[in-house]
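Given next are the chains, with one letter for each unit.
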Amino acid sequence: MDHFLWRILPLLALLASFLYFYYVHDSSKFSTSDCSLLPYNHYWITSKGIVTPRGVISGAVEVKEGIIVSIVKEEDWQGNSKRGQIIDYDEAVIMPGLIDVHAHLDDPGRAEWEGFPSGTKAAAAGGITMLIDMPLNSFPSTVSVETLRLKLEAAEKSIYVDVGFWGGLVPENAFNASSLDALLSAGVLGLKSFMCPSGINDFPMTNASHIKEGLSVLAKYRRPLLVHAEIQLDSANYLEDDANDPRHYSTYLKTRPPAWEEAAIRELLTLSKDTRIGGPAEGAHLHVVHLSDSGSSLQLLKEAKRSGDSVTVETCPHYLAFSAEEIQDGDTRFKCAPPIRDAANKEALWKALLEGDIDMLSSDHSPTVPELKLLNEGNFLKAWGGISSLQFVFPVTWSYGRNYGVTLEQLALWWSERPAKLIGQDSKGSIEVGKHADIFVWEPNTDFELNDDLPIYLKHPRISAYMGTKLSGKVLATFVRGNLVYKEGKHASAACGSLILAK
Ligand SMILES: NC(=O)N[C@H]1NC(=O)NC1=O
Ligand SMILES: [Zn+2]
Ligand SMILES: [Zn+2]
């Protein structure tokens, strides 16, 4: 018997190595293809509407190993002999993937609010190919190298799109230049701070001195400071008055007047001027997040830009889609800060966006668990402030924007090109040769109602202010670095998004 075993040993070894190469070694190949719903990585996407920085063209985009390697107009495409795999989208629009510079995915620590897997699946289904995660609402907040490491661990292998990170500027690290240096060296794309309480205990607000410190460190790295620009003034005293029913949206609206935004922006613009040493080029870039006030706040920003300040501003689809007058008693899905203001304010925000005074859009996706939205009690003063929107921001922008004559090029500018510039990612933000093949495909004229029949990937769709609305603009497919990560109700089986760190 022993003798027999010895004799077949070489055969067994051969069989084992055969099995190894087939099932173990080759499985690495299988896992690569798990990243994409396509079985190949060199192909042409064709369509009659490809949105490029040089206009909308009919033709083909060639993608090879995650990069856009050529763009061919239809006239030249006809005679092309090198055709390989072709994915023809006919009349559907091909756009650069959206970059959402402002999302709270709440992971680690509050993943029950959203989390990287559901958040990035929802992003992919909405045409977003990259998002930047905010440093707060997760636990701990991203305010040091150690806490950034926890973020990276939580995100790794859990993200379906590319994800970058903002660090937090808080009183604890603001005067500690080496701590900020370490955080920036570790790769956060910039810092974010609050000029009023953030609603999260471990993310306290910053004062003028903290912001000055932050700006001077950021200037060295040429990275932006993002600020939630509201300063609490004493205008909220009337709250003691019983006439103000907390179930009325108007009660909440009165607690955060436009003057809060104006005061904050006035102070910020002064601070950023003060931190310059030898002229505008030496200062840090300032980015005002989620502008709601289209009055004096916007005016201050316009003047600052005109005088050469390095400042940009974003607003969010919820300020462009909704107005205070429409918000029903107790419907706390609409509570956010700064608040959604009246219809005239909304009109003025659209005008500012169309005229280029507002630079870009972001979701400020800030979900929570339904219990904290207090949907039954409907108390606007106590409910969590934050709007859940991530998967819907693009169809919302298009559906409301088309009434204002919004063009495809403008959508690409607000959602891709300018965001890419803010985060310093030259390889993203447009359909151009040499850039990442971050692309999404959508049908402008397909209408749908947001209800439970649709595939929604957000963890708590019920709390989204958009549920029940009728929208146009259906996302058919999303490519991240050439991987087809989403196609009509289906995601790639593996989460292969990249962690994006500043160099
Ligand atoms: N903590 C947090 O997400 N706050 C956000 N929510 C909101 O409505 N505005 C914010 O800044
Ligand atoms: Zn904010
Ligand atoms: Zn936010």
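The chain has the name allantoinase in an unreviewed UniProt entry, where Hevea brasiliensis is given as its organism. The UniProt entry for the chain carries the following text under Cofactor (unreviewed entry): "Zn(2+)". One UniProt comment on the chain, placed under Pathway (unreviewed entry), says "Nitrogen metabolism; (S)-allantoin degradation; allantoate from (S)-allantoin: step 1/1."

Novice: Just to check I follow, could you spell out the overall build of the chain for this structure?
Specialist: Along the chain, the regular secondary structure elements total 16 helices and 19 strands. Taken against the 2.2 N^0.38 rule, which gives 23 Å for 503 residues, the C-alpha radius of gyration of the chain at 24 Å falls within 12% of a compact globule. Considered along the principal axes of its C-alpha atoms, the chain spans approximately 95 × 60 × 55 Å. Across the 503 residues that make up the chain, the buried fraction comes to 57%. The contacts in the chain between residues at least 6 apart in sequence include a share of 79% that link residues at least 24 apart. Put simply, the chain shows about 20700 Å² of open surface, and 53% of that area lies on carbon and sulfur atoms. Here the chain holds 47 positive side-chain charges and 63 negative ones, and the gap between their average locations is 4 Å.

Novice: Hey, could you run me through the state of the cysteines in this one?
Specialist: Two cysteines, two sulfur atoms, one covalent bond between them: this is a disulfide. Scanning the entire structure with this criterion turns up one disulfide. One disulfide in the model links Cys-35 with Cys-496; its S-S distance is 2.0 Å. Residues Cys-35 and Cys-496 are joined through a disulfide that is left-handed, its torsion about the S-S bond being -75°. Here Cys-35, found in the loop between helix H2 (27-33) and strand E1 (42-52), pairs with Cys-496, found in the loop between strand E18 (490-491) and strand E19 (499-500); they are 461 residues apart in sequence, far enough to count as distant. Note on Cys-196: no disulfide assigned, nearest cysteine sulfur contributed by Cys-336 at a separation of 12 Å. Relative accessible area serves as the criterion here: at 1%, Cys-196 is assigned to the buried category.

Novice: What's the story with helix H4 (residues 116-125) in this structure? I'm lost.
Specialist: An α-helix turns once every 3.6 residues. As a result, residues three or four positions apart point the same way. Across the ten residues of H4, eight count as buried, placing the element largely inside the fold. Among the residues making up H4, those that are buried are Phe-116, Ser-118, Gly-119, Thr-120, Ala-122, Ala-123, Ala-124 and Ala-125. Looking one or two residues beyond H4, the residue adopting positive phi is Gly-127, at roughly 90°.

Novice: Sorry, what's going on with the coordination of the zinc ion (ligand 3) here?
Specialist: Any two of four tetrahedral donors ideally make an angle of 109.5 degrees at the metal, while pairs among six octahedral donors ideally make 90 or 180 degrees. The zinc ion (ligand 3) binds to the protein through His-102 (NE2), His-104 (NE2) and Asp-364 (OD), with metal-donor distances spanning 2.1 to 2.2 Å. In the primary sequence, the donor residues of the zinc ion (ligand 3) line up as H-x1-H-x259-D. Between the zinc ion (ligand 3) and the zinc ion (ligand 2), the interatomic distance is 3.7 Å. Of this pair, His-104 sits in the loop between strand E6 (98-103) and H4 while Asp-364 sits in the loop between strand E14 (360-361) and helix H14 (370-373), and the two are 260 residues apart along the sequence.

Novice: When you look at the nonpolar core in this model, what are you seeing that I'm missing?
Specialist: Here is a general trend for soluble globular proteins: nonpolar side chains tend to be buried in one another's company. Ranked by internal contacts, the top residues of the largest apolar core, which has 101 residues, are Leu-131, Leu-191, Leu-225, Ile-340 and Trp-442. When residues no more than four places from it in sequence are discounted, the contact partners of Leu-131 are Asp-100, Ala-103, Leu-105, Thr-120, Ala-123, Val-161, Asp-162, Val-163, Gly-164 and Leu-390. Residues Trp-113, Ile-132, Cys-196 and Leu-226 belong to the second largest nonpolar core, which totals 25 residues.

Novice: Can you walk me through the layout of surface pockets in this structure?
Specialist: Think of a ball as big as a water molecule: rolled over the atoms, this probe shows where empty space is left. By volume, the largest pocket is sized at about 550 Å³. Lining the largest pocket we find 28 residues, and of these Pro-197, Ser-198, Arg-256, Ala-337 and Gly-385 sit closest to its centre. Within the residue set of the lining of the largest pocket, elements represented by two or more residues are strand E10 (191-194) and helix H9 (249-255). Considering only residue class, the lining of the largest pocket consists of twelve nonpolar, twelve polar and four charged.

Novice: Just to check I follow, could you spell out empty space enclosed by the protein for this structure?
Specialist: For the structure shown, the criterion picks out three cavities of 30 Å³ or more. By volume, the largest cavity is sized at about 60 Å³. Surrounding the largest cavity, Pro-96, Gly-97, Ile-99, Thr-129, Ser-427, Lys-428, Gly-429, Ser-430, Lys-435, His-436 and Asp-438 form its lining.

Novice: Can you walk me through the sheet that holds E19 in this structure?
Specialist: Paired through their backbone hydrogen bonds, the strands of a sheet run either parallel or antiparallel. Spatially, E6-E7-E8-E19 is the arrangement adopted by the four strands of the open sheet, whose pairing is parallel. The open sheet has two edge strands, E6 and E19, and neither has a second partner. By the bridge criterion, four bridges tie strand E7 (residues 128-133) to strand E8 (residues 162-165) in an arrangement that is parallel. Its bridge partner being in E8, Leu-131 is matched across the sheet by Val-163.

Novice: What should I look at first to understand unusual backbone geometry in this one?
Specialist: Glycine aside, residues mostly have negative phi, and peptide bonds are mostly found in the trans state. Residue Pro-140 is bonded to the preceding Phe-139 through a cis peptide linkage, with omega at 0°. If you trace the backbone, Pro-140 turns up in the loop between E7 and helix H5 (145-155). Not every positive phi belongs to a glycine, and Leu-374 is a case in point at roughly 50°.

Novice: Explain the coordination of the zinc ion (ligand 2) here, please?
Specialist: With distances of 2.1 Å, the protein atoms coordinating the zinc ion (ligand 2) are His-228 (ND1) and His-290 (NE2). Accessibility expressed as a relative area gives 4% for His-228, which makes it buried. By relative accessible area, His-290 is classed as buried at 2%.

Novice: Before we go on, may I ask you to explain the site of ligand 1 in this structure?
Specialist: Surveying the vicinity of ligand 1 reveals 14 residues, the closest of which are Asn-137, His-228, Ala-337, Ser-366 and Gly-385. Residue His-228 places a side-chain N or O atom 2.9 Å away from an oxygen atom belonging to ligand 1. Ala-337 has a polar backbone atom sitting 2.7 Å from a nitrogen atom of ligand 1. Grouping the amino acids of the shell around ligand 1 by side-chain chemistry returns five nonpolar, eight polar and one charged.

Novice: Before we go on, may I ask you to explain helix H15 (residues 393-401) in this structure?
Specialist: For H15, the buried fraction is high: eight of the nine residues fall into the buried class. Taken together, the buried positions of H15 are Val-393, Phe-394, Pro-395, Val-396, Thr-397, Trp-398, Ser-399 and Gly-401.

Novice: How should I be thinking about the packing of aromatic side chains in this particular structure?
Specialist: When we look at a pair of aromatic rings, we describe it by the centre distance and by the angle of the planes. One pass over the full model with this rule turns up 15 aromatic pairs. Here Phe-394 and Trp-442 contribute two aromatic rings whose centre-to-centre distance is 4.6 Å and whose plane-to-plane angle is 80°, an arrangement assigned as edge-to-face. Of this pair, Phe-394 sits in helix H15 while Trp-442 is found in strand E15 (residues 439-449), placing the two residues 48 residues apart along the sequence. Look at Phe-394 and you get buried, because its relative accessible area is 0%. Plain terms: the ring middles of Trp-398 and Trp-442 are 5.4 Å apart, the flat faces sit at 75° to each other, and that makes the pair edge-to-face. Highlighted residues: Trp-398 in helix H15 and Trp-442 in strand E15, separated in sequence by 44 residues. Each member of the aromatic cluster is reached from another via a ring pair, and the members are Phe-394, Trp-398, Phe-440 and Trp-442. The ring centre of Trp-113 lies 5.2 Å from the NZ or CZ of Arg-110, which sits over that ring.

Thresholds applied
Residues numbered from 1 in each chain as written. Chains lettered and ligands numbered in written order. Predicted model: local features only at pLDDT ≥ 70, side-chain atom pairs only at ≥ 80, totals over all residues. Heavy atoms only, no water. UniProt positions renumbered as here; feature names shortened; annotations may be inferred. Helix = DSSP H or I, 4+ residues; strand = E, 2+ residues; numbered from the N terminus. Rg over C-alpha atoms; globule rule 2.2 N^0.38 Å. Buried < 20%, exposed > 50% of the residue type's maximum accessible area, 1.4 Å probe, protein only. Contact = heavy atoms within 4.5 Å. Areas by Shrake-Rupley, 256 points an atom, 1.4 Å probe, with all protein chains shown as cover. Lys, Arg positive; Asp, Glu negative; His and termini not counted. Charge placed at Lys NZ, Arg CZ, Asp CG, Glu CD. Disulfide = S-S within 2.5 Å. Donors = N, O, S within 2.8 Å, 3.2 Å for Na, K, Ca; no water. Core = buried A, V, L, I, M, F, W, Y, C linked by side-chain atoms within 4.5 Å. 1 Å grid on protein atoms, 1.4 Å probe; cavity = no way out; pocket = protein on both sides within 12 Å on 5 of 7 lines; lining within 4 Å. Points joined across faces, edges and corners; volume = space filled by probe spheres on them. Nonpolar A, V, L, I, M, F, W, Y, C, P; charged D, E, K, R; others polar. Pairing = 2+ DSSP bridges. Near = heavy atom within 4 Å. Polar contact = N/O pair within 3.5 Å; in protein donor to acceptor, adjacent residues only side chain to side chain. Phe/Tyr/Trp six-rings, centres within 6.5 Å; stacked < 30°, edge-to-face > 60°. Lys NZ or Arg CZ within 6 Å of the ring centre and 35° of its normal.

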